[in-house]
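# Remarks on the overall topology
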Amino acid sequence: MIMRYSWPALVWLLIVLVLTLIPGPAIPDVGFSFRIDKIVHFFLFGIQMVLTAYALEKHTLSRGAPAHPILVSVIFSIAAGVGIEFLQRFVPGRSFSVFDMVANTIGVGIGYYVFRYLRKHNRL
């Protein structure tokens, strides 16, 4: 039953993994004079948070576990962001960045509030 609601979050996490673990030289130059990667981090991990919270909350309503689906979603999404940053240390042309981890975490925080707003207004 959990897969019924979890597959979007899992597919999204796979997409995030693939995009963030592309070797640096393989990333095309988009020609922007400013770095938009922090904004991308906000969106990637904000969406991850919303999808994970939705899946776990639906599972909680149908099965009764985990006890705090939103808290579990926040912890999971932050851990995914931190884990991906550590993995980037081993990818050519990529590097570990504390600033990216902060951007990921802020994205999770924004995703938390987006999820609460959507749930409050019956949009989920």
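Summarised in this report is the structure supplied together with it.

Calculation criteria
Residues numbered from 1 in each chain as written. Predicted model: local features only at pLDDT ≥ 70, side-chain atom pairs only at ≥ 80, totals over all residues. Heavy atoms only, no water. Helix = DSSP H or I, 4+ residues; strand = E, 2+ residues; numbered from the N terminus. Buried < 20%, exposed > 50% of the residue type's maximum accessible area, 1.4 Å probe, protein only. Contact = heavy atoms within 4.5 Å. Expected span 1.5 Å × (residues − 1). Polar contact = N/O pair within 3.5 Å; in protein donor to acceptor, adjacent residues only side chain to side chain. Core = buried A, V, L, I, M, F, W, Y, C linked by side-chain atoms within 4.5 Å.

## Structural notes on the overall build of the protein
- Along its length, the protein carries 4 helices and 0 strands.
- Listing each helix as α and each strand as β along the protein from the N terminus yields α-α-α-α.
- When each of the 124 residues of the protein is scored for burial, the buried share is 32%.
- Counted over contacts in the protein with a minimum sequence separation of 6, partners at least 24 positions apart contribute 75%.

## Digging into helix 4 (residues 98-120)
- Here helix 4 is 23 residues long and its end C-alpha atoms lie 33 Å apart, about the 33 Å a rise of 1.5 Å per residue gives.
- Of all the positions in helix 4, only D100, M101, A103, N104, G107, V108, G111 and F115 are classed as buried.
- Taken together, the buried residues of helix 4 touch helix 2 (37-63) and helix 3 (69-88).
- Two or three places before F99, at the opening of helix 4, S97 has a side-chain oxygen 3.3 Å from that residue's backbone nitrogen.

## Some points on the nonpolar core
- Membership of the largest hydrophobic core is limited to 12 residues, which are L13, V16, L44, F45, M49, V50, A53, I70, A80, I84, V108 and F115.
- When contributions to this core are tallied by element, the ones reaching two or more residues are helix 1 (2-20), helix 2, helix 3 and helix 4.
- In terms of residue count, the dominant contributor to this core is helix 2 (5 residues).
- Non-local contacts of L13, meaning those with residues more than four positions away in its chain, are made with Q48, F76 and A80.

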